[in-house]
Every structure is written in structure tokens, then in C-alpha cells.
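# A look at the structure
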Amino acid sequence: QVQLVESGGGLVQAGGSLRLSCAASGRTSIYGMGWFRQAAGKERESVAAITWSGGNTYYADSVKGRFTISRDNAKNVVYLQMNSLKPEDTAVYYCAAKRLRATMDPYDYDYWGQGTQVTVSS
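So, a few notes on the structure that sits alongside this text. (Residues numbered from 1 in each chain as written. Predicted model: local features only at pLDDT ≥ 70, side-chain atom pairs only at ≥ 80, totals over all residues. Heavy atoms only, no water.)

### Section: the state of the cysteines
Heads up, the condition is: The term disulfide is used for any two cysteine sulfur atoms that are within 2.5 Å. By definition, any uninterrupted DSSP run of H or I lasting at least four residues is a helix, any uninterrupted run of E lasting at least two residues is a strand, and each is numbered from the N terminus. For every residue, the accessible area obtained with a 1.4 Å probe (protein chains only) is divided by the maximum for its type, and the residue is called buried under 20%, exposed over 50%, and partly exposed between those limits.
One pass over the structure, following the stated rule, counts 1 disulfide. Two residues share a disulfide in this structure: C22 and C95, whose sulfurs sit 2.0 Å from each other. The sign of the S-S torsion, about -75°, decides the handedness of the disulfide formed by C22 and C95: left-handed. Here C22 is found in strand β3 (residues 18-26), whereas its partner C95 is found in strand β9 (residues 91-98), with 73 residues between them in sequence. On the accessibility criterion, C22 (0% relative accessible area) is buried. Overall, C95 belongs to the buried group, its relative accessible area being 1%.

As C-alpha cells, then:
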């Protein structure tokens, strides 16, 4: 069993920055980690993903150049640095983990955190 706990969400003005953290515990045979978000009334969408040991990263087009996913294997933590935030980035952000290679499809992921709210004001 894997437990994921997100933190770092909050309220920020447009153009500002936030860094989300996802702490993983339990069985660590995790290969891929991803960040996803869900805005009110919308479906969950992918944001970024990273392989646990290889460091390869993937991004949704909407966040490329603004968001950076990274990981600290010694601490079992995955980060999402979000810069130049826009009101359309407002959503609940979820961290997720999967056993095989990282993908951008939320349906591939086995474990999910509880989510953290990010609100960007205009």
C-alpha cells in the first residue's frame, strides 16, 4: 500500500508562484509519479509526470514552460513548481503514483492523494 500526501496549495495572484509537494510512504516500488488537477465542473486532467528513478519528465501543453516537476528520491517527495500562474490554473491538484512507467493518463495510476486546492485570483 502507498500513501500520498499533498501540501503547498493556497491562494495566489495571477503571475505568482506556488510549489506543491507530494510525500510518499509505504511500499516504494513506484515507477511513475504524476500531478493532475480538476477544476470545478470539469474532468480531471493531466499536468505533469516523472519517472521515479530515471528523471524523465512530461508536461501538458497548457503548463509547459511554467511548471516544473521534480523529485527527491532520498525524501520520497515529488514537487510541482508552478510559476506564472493564471486564473485558469485554479483547481484541486492531486498527486498520483503507478508501478510501471510514468504516463499522462490518470486512469493508469494506482494511488492518489487527497488533493490540495490552488486558487489563482485575477
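Having put the structure on the table, let's press on.
### A closer look at the nonpolar core
Cut-off, in case you're wondering: What we call a nonpolar core is a set of buried Ala, Val, Leu, Ile, Met, Phe, Trp, Tyr and Cys residues that are connected through their side-chain atoms within 4.5 Å. For this analysis, residues touch if any pair of their heavy atoms sits within 4.5 Å.
Counting residues in each nonpolar core, the largest one holds 28 residues, and the members touching the most others are L4, M33, W35, L80, M82 and Y93. Among the secondary structure elements, those contributing two or more residues to this core are β1 (2-7), β3, β4 (32-38), β5 (45-51), β7 (67-72), β8 (77-82), β9 and β11 (116-121). If sequence neighbours within four positions are ignored, Y93 has contacts with E6, L20, W35, F36, R37, V47, F67, L80, M82, G115, T116 and V118. Counting 5 residues, the second-largest nonpolar core is a separate cluster that includes F36, A49, A102 and Y109.

### With respect to the pattern of salt bridges
Heads up, the condition is: By salt bridge we mean one thing: a side-chain nitrogen of Lys or Arg within 4 Å of a carboxyl oxygen of Asp or Glu.
For the structure on display, the rule yields 4 salt bridges. In this structure, R37 and E45 form a salt bridge, with 2.6 Å as the shortest nitrogen-oxygen distance.

### A word on the pairing of β9
Within a regular strand, side chains alternate between the sheet's two faces. Which entries qualify depends on this criterion: A pair of strands is considered paired only if DSSP assigns at least 2 bridges between the two.
Of all the 8 residues making up β9, 7 are buried; the element is thus mostly covered by neighbouring parts of the structure. Sheet topology places β4 next to β9; 7 bridges connect them, and they run antiparallel. Within β9, the position partnered with R37 by the bridge is Y93. Here 3 bridges tie β9 to β11, and the two strands are oriented antiparallel to one another. Along β11, the bridge assignment pairs V92 with Q117. Taken together, the 2 bridges between β9 and strand β10 (residues 111-112) define a ladder with antiparallel strand orientation. Note that in β10 the partner of A96 across the bridge is W112.

### Re the side chain of R66
What counts here: Here a polar contact is recorded for every N or O atom pair within 3.5 Å, except that within protein the pair must consist of a potential hydrogen donor and a potential acceptor, and residues adjacent in sequence are included only if both atoms are side-chain atoms.
Among the structural elements, R66 can be located in the loop between β6 (57-59) and β7. For R66, a relative accessible area of 10% gives the class buried. Of note is the side chain of R66, whose polar atom sits 2.9 Å from the backbone oxygen of S62. Among the polar contacts listed, one links the side chain of R66 to the side chain of D89, at a separation of 2.8 Å. In this structure, R66 is in contact with Q81, M82, N83, S84, L85, K86 and D89, ignoring residues within four places of it in sequence.

### A few points about the packing of aromatic side chains
What counts here: Stacked, edge-to-face and tilted labels apply to pairs of Phe, Tyr and Trp rings (six-membered ring for Trp) whose centres lie within 6.5 Å, assigned for plane angles under 30 degrees, over 60, and everything in between, in that order. A ring has a charge above it when a Lys NZ or an Arg CZ is no more than 6 Å from the ring centre and no more than 35 degrees off the ring normal.
Taken as a whole and assessed by the stated rule, the structure comprises 4 aromatic pairs. Aromatic side chains F36 and W112 sit 5.1 Å apart centroid to centroid with 50° between the ring planes, which places their arrangement in the tilted category. Separated by 76 residues along the polypeptide, F36 in strand β4 and W112 in strand β10 bring together distant segments of the chain. An aromatic cluster is present here, built from F36, Y94, Y109 and W112 joined pairwise through their rings. Its guanidinium or amino end placed over the ring of Y94, R44 lies 3.9 Å from that ring's centre, counting from NZ or CZ. Sitting above the plane of the W112 ring, R44 keeps its charged end 4.6 Å from the centroid.

Nothing here speaks to function; it is geometry throughout.
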